[in-house]
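# Summary of the model geometry
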Amino acid sequence: MSLSVDNIATMLNSAATQASNSSAAGLENTLKGDLSQATDDELMAVCKEFEAYFMEQVFKEMKKTIPENENSDVANSQLMDYYMDEMIQQVASQSVEQNSGSNSLAQQLYEQMKRNYNI
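How each quantity is defined
Residues numbered from 1 in each chain as written. Predicted model: local features only at pLDDT ≥ 70, side-chain atom pairs only at ≥ 80, totals over all residues. Heavy atoms only, no water. Helix = DSSP H or I, 4+ residues; strand = E, 2+ residues; numbered from the N terminus. Expected span 1.5 Å × (residues − 1). Buried < 20%, exposed > 50% of the residue type's maximum accessible area, 1.4 Å probe, protein only. Core = buried A, V, L, I, M, F, W, Y, C linked by side-chain atoms within 4.5 Å. Salt bridge = Lys/Arg side-chain N within 4 Å of Asp/Glu carboxyl O. Contact = heavy atoms within 4.5 Å.

Between its first and last C-alpha atoms helix α3 (residues 74–98) spans 36 Å; for 25 residues at 1.5 Å apiece the expected length is 36 Å, and the two agree. Regarding α3, the residues found buried are A75, S77, I88, A92, S95 and V96.

One can find V58 in helix α2 (residues 40–64). According to the relative accessible area criterion, V58 is partly exposed, its value standing at 31%.

A word on the nonpolar core. L43, M44, C47, A106, Y110 and M113 form the largest nonpolar core, which has 6 residues in total. For this core, the secondary structure elements donating two or more residues are α2 and α4 (105–117).

Here we take up the pattern of salt bridges. Side chains that carry opposite charge are capable of pairing whenever their charged atoms lie near each other. A full pass over the atoms with the stated rule returns 5 salt bridges. One salt bridge in this structure joins D40 and K114, with 3.0 Å as the shortest N-O distance. Taken together, the positions of D40 in helix α2 and K114 in helix α4 put the pair 74 residues apart, joining distant regions of the chain. Between K48 and E97 there is a salt bridge whose closest N-O contact spans 3.8 Å. With K48 in helix α2 and E97 in helix α3, the pair connects residues that are 49 residues apart, well separated along the chain. K48 gets classed as partly exposed once you look at its relative accessible area, which sits at 22%.

Tracing the chain through its elements places E56 in helix α2. The residues touching E56, leaving out its near neighbours within four places in the chain, are I88, Q89 and A92.

In structure tokens, the structure reads:
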């Protein structure tokens, strides 16, 4: 079986889609779980994870507004998309960690969850 650039790009695209879906599913399962017994650190970690996922989705939607180069081939485009998605995930996670002050989305979620669970 020979591997062409198109086959590799298709495999990477499929892997990226599966990873994105599993990340969303993992976050959804965590949020559906019983967090009433969670420690403050665990609760804040879930809130930061949600904020990072939210930021990632915002960045991906922003990326869609950039016109694509008509001259690039499909294989290169898919490879670039894969690495761009990885970069977006890293940027989203880093932005959450750097901006974890009192006005962050994670902090607001954390305070709301503490009120809801009477922690």
